[in-house]
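Descriptive analysis of the structure
Okay, here's what each chain looks like letter by letter:
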Amino acid sequence: MQNTIQSGNATHAVTAKLSDRLLAGDLRSLARAISLIEDDAPAARGLLSACFPHTGKALRLGITGAPGAGKSTLVDQIARAFREQQHRVGILAVDPTSPFSGGAILGDRIRMERHHADTGVYARSMATRGAMGGLARAAVDAAMLIEAAGHDRILIETVGVGQDEIDIVRLADITIVVLVPGMGDDVQSIKAGILEIADIFVVNKADREGADRVEKELKAMQSFASSHGTWVAPVVRTVASQGQGIEGLVGAIDDFTAWLSRDDHLRERREQQWRQRLTEMVRGELLHGLHAHVLKPEELAEHARRITARQEDPFATTAQMVEAITGGSRK
Ligand SMILES: Nc1nc2c(ncn2[C@@H]2O[C@H](COP(=O)(O)OP(=O)(O)OP(=O)(O)O)[C@@H](O)[C@H]2O)c(=O)[nH]1
Ligand SMILES: [Mg+2]
């Protein structure tokens, strides 16, 4: 803490330089900036504030689905199609910390290298942030920086259907849910949450048996539930590894983008997201304060001991703790 205060001005100057270079499109600065977000570094906030006014125009696409469903292969193909439309593309692969994901991370890295020669594509893996949670926030913040560096189509790949993944795709403008035939993941077993947030369904690996069934099941489920007003998520079949069906998928993305821009749908969606994000951001700051200032294990133990012995009033203690946090919020 003391270090942060002493080096406050220096940090500020470094941040300003970094954000200038990032805004000028320097990809190395962008990489450093995203690392600061991953580390939840004190400089991250200033950086984000500097970049924020330069964002809000890019289209952010969240792609989620079971491990190995073909998300990275699809992202690769979508990126190529966007490049043909002269867009500048950012790719963010959010890696889960699961020990089983080593191969997936490696796979993403290898595939991303294909775009290396193309300066119109920026690809980056991002690790799960630590104990304080906030993976979704970190990913969406990173997407903001990628946009500020001059990319107008941002693809965010997340694995699985857990709460983190749902949160991430919920903070995107377009949510694409990838399913595959077989593998035992019947549509029924997929969490309802992920079905509700899908704007587009992709049945990938349509070269395998059972694609018909997945599509039928999806459509049957859609006839029950529709949380999208007038938009019914289309089901697109692809064989990503062979580039089949990508035109159809890009067509569905274009259709949905057009729908979003009509009747203020995009603005409404983003305002809804900011309501959620602001709440999360405040909660995150408070939690940070809680961990930094108050709830040190030995202090907590001492409070608990005194309260149990009726030497201390837990209600007054709580109020004092909250005051300590809000009065001493981090710089
Ligand atoms: N048969 C078939 N294989 C495919 C298809 N699309 C992708 N694959 C293969 O499936 C494997 C997994 O593809 P990825 O794109 O890495 O899948 P992913 O969903 O990104 O995987 P994780 O990030 O590990 O969750 C690779 O070997 C791909 O070549 C497809 O349409 N048909
Ligand atoms: Mg992948």
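Report follows, based on the coordinates. Remember, predicted model here, so these are calculated numbers, not experimental data.

Focus on helix H4 (residues 43-51)
Within H4, burial applies to Ala43, Ala44, Leu47, Leu48 and Cys51. Projected down its long axis, H4 shows its buried positions confined to an angular sector of 130 degrees, all on one face.

Things to note about the packing of helix H5 (residues 71-84) against helix H11 (residues 246-261)
At a minimum axis distance of 10 Å, the contact between H5 and H11 shows a crossing angle of 70 degrees. Looking at the two axes, H5 sits roughly perpendicular to H11. Along this stretch, H5 crosses H11, giving a crossing that reads as right-handed. Contacts between H5 and H11 involve Leu74, Gln77, Ile78, Ala81 and Phe82 from the former and Ile246, Leu249, Val250 and Ile253 from the latter. Across the contact of H5 with H11, the residue classes tally to 8 nonpolar, 1 polar and no charged.

Here we look at the environment of Ala69
In this fold, Ala69 is placed in the loop between strand E1 (59-65) and H5. Those residues in contact with Ala69, other than ones at most four positions away along the chain, are Val178, Val180, Asn204 and Lys205.

Quick word on the nonpolar core
What tends to happen in soluble globular proteins is that the nonpolar side chains get buried as a cluster. With 46 residues, the main nonpolar core has Leu155, Ile174, Ile176, Ile200, Phe201 and Ile253 as its most contacted residues. Ranked by the residues each element gives to this core, the list is headed by H11, at 8 residues.

Some points on the packing of aromatic side chains
As enumerated under the stated definition, the model contains 4 aromatic pairs in all. Each ring, one from Phe52 and one from Trp274, has its centre 5.9 Å from the other, and the planes form 90 degrees; the classification is edge-to-face. Of this pair, Phe52 sits in the loop between H4 and E1 while Trp274 sits in helix H12 (residues 265-294); the two residues are 222 residues apart in sequence, bridging distant segments of the chain. Considering the side-chain rings of Trp231 and Phe256, the 4.8 Å spacing of their centres and the 65 degrees angle between planes classify their relative orientation as edge-to-face. Taken together, the positions of Trp231 in the loop between helix H10 (211-224) and strand E7 (235-237) and Phe256 in helix H11 put the pair 25 residues apart, joining distant regions of the chain. Each member of the pair Trp231 and Phe256 is classed as buried. An aromatic cluster is built from Trp231, Phe256 and Trp259, whose rings are joined through pairwise contacts. Sitting above the plane of the Phe82 ring, Arg153 keeps its charged end 5.5 Å from the centroid.

Cut-offs applied
- Residues numbered from 1 in each chain as written.
- Chains lettered and ligands numbered in written order.
- Predicted model: local features only at pLDDT ≥ 70, side-chain atom pairs only at ≥ 80, totals over all residues.
- Heavy atoms only, no water.
- Buried < 20%, exposed > 50% of the residue type's maximum accessible area, 1.4 Å probe, protein only.
- Helix = DSSP H or I, 4+ residues; strand = E, 2+ residues; numbered from the N terminus.
- Arc of directions from axis to C-beta.
- Axes fitted to C-alpha atoms, helices over the stretch in contact; angles between N-to-C directions.
- Parallel < 35°, antiparallel > 145°, perpendicular 65-115°, else oblique.
- Left-handed = near helix turned anticlockwise from the far one by under 90°.
- Contact = heavy atoms within 4.5 Å.
- Nonpolar A, V, L, I, M, F, W, Y, C, P; charged D, E, K, R; others polar.
- Core = buried A, V, L, I, M, F, W, Y, C linked by side-chain atoms within 4.5 Å.
- Phe/Tyr/Trp six-rings, centres within 6.5 Å; stacked < 30°, edge-to-face > 60°.
- Lys NZ or Arg CZ within 6 Å of the ring centre and 35° of its normal.

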